[in-house]
Amino acid sequence: MTKLNILYASMWGNAEDVANDLNQLAKDEGIDTEISEMNDVTMEQFENMQKVAVVTSTTGQGDVPTNGAEFFDKLEQASLKLQNMKYGVCALGDSSHADFCGAGKKVDKRLSELGATSIIQRQECDGDTEGSVEWSQKLIQEIKQQ
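Remember, predicted model here, so these are calculated numbers, not experimental data. The numbers attached to residues start from 1 for each chain and follow its sequence in the written order. Under the rules for a predicted model, residues below a pLDDT of 70 receive no local features and side-chain atom pairs below 80 are neither given nor counted, while totals for whole chains, interfaces and linings still include all residues. Each side-chain value is worked out from all heavy atoms of the structure, with water and hydrogens disregarded.

Caption draft 1: Molecular detail of the overall build of the protein chain. Note on conventions: DSSP H or I runs of at least 4 residues are helices, E runs of at least 2 residues are strands, and numbering of each starts at the N terminus. Along the backbone of the protein chain there are five helices and six strands. Beginning at the N terminus, the succession of helices and strands in the protein chain can be written as β-α-β-α-β-α-β-α-β-β-α. Across its three principal directions, the C-alpha atoms of the protein chain cover 40 × 35 × 25 Å. For every residue, the accessible area obtained with a 1.4 Å probe (protein chains only) is divided by the maximum for its type, and the residue is called buried under 20%, exposed over 50%, and partly exposed between those limits. Buried residues in the protein chain amount to 48% of all 146 residues. Looking at the protein chain alone, contacts between residues at least 24 apart form 81% of all its contacts between residues at least 6 apart. Surface accessibility follows the Shrake-Rupley procedure with a 1.4 Å probe radius. Residue values consider only the protein chains on display as shielding. Carbon and sulfur atoms make up 39% of the accessible area of the protein chain, which totals about 7300 Å². Residues are treated as being in contact if the distance between any of their heavy atoms lies within 4.5 Å.

Below is the structure:
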């Protein structure tokens, strides 16, 4: 089975907590995982990943948090070929802001533009992490079927 790469960008720790919970759930199911802050992943490493979970909160005007901003800037400029990548996005945000879950939506859109295939509907958490556990469980089941 292919490794599940879990990438996160977190402003206050909620997205990091969701990523860590997903990591533990996946390991409990016997899935090999690697968890990283987005900025710790190079474009070369990213292009070679086949199963990816992205967990990101949103900051500012729908922006990716600081520990993922550099990664996302490079992703926007990159001409990667991600047709072998299967992914899911869990976006954290606050619906009282105009660009609700903007960071997750941007990442999801860019991955799709680069040819990656979404294997689960994007989870949008409003103000907390509600729904993230169910999303994680569904993602793990999809990963196991790939």
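Caption draft 2: Inspection of the environment of L80 at higher detail. As for its placement among the helices and strands, L80 is situated in the loop between helix 3 (66–77) and strand 4 (86–93). Each C-alpha atom of the pair L80 and L111 lies 9.4 Å from the other, and the pair is 31 residues apart in sequence. If near-sequence neighbours (up to four positions away) are discounted, L80 is found in contact with M43, F46, E47, L75 and L114.

Caption draft 3: Region of the structure containing the nonpolar core. Nonpolar cores are built from buried Ala, Val, Leu, Ile, Met, Phe, Trp, Tyr and Cys residues. Side-chain atoms within 4.5 Å join them into one set. Counting 24 residues, the largest nonpolar core has F46, L75, M85 and L111 as its most contacted members. Of all the secondary structure elements, the ones that give two or more residues to this core are strand 1 (4–9), helix 2 (43–47), strand 3 (51–56), helix 3, strand 4 and helix 4 (102–113). Setting aside anything within four residues of it in sequence, one finds L75 in contact with M43, F46, L80, R110, L111 and L114. Within the second largest apolar cluster, 20 residues are counted, among which are L4, A19, I31 and A53.

Caption draft 4: The pairing of strand 3, seen in detail. In terms of burial, strand 3 is a largely internal element, six of the six residues being buried. Where strand 3 meets strand 4, six bridges bridge the pair, whose relative direction is parallel. The residue of strand 4 that forms the bridge with A53 is G88. DSSP calls a pair of strands paired once it identifies at least 2 bridges connecting them.

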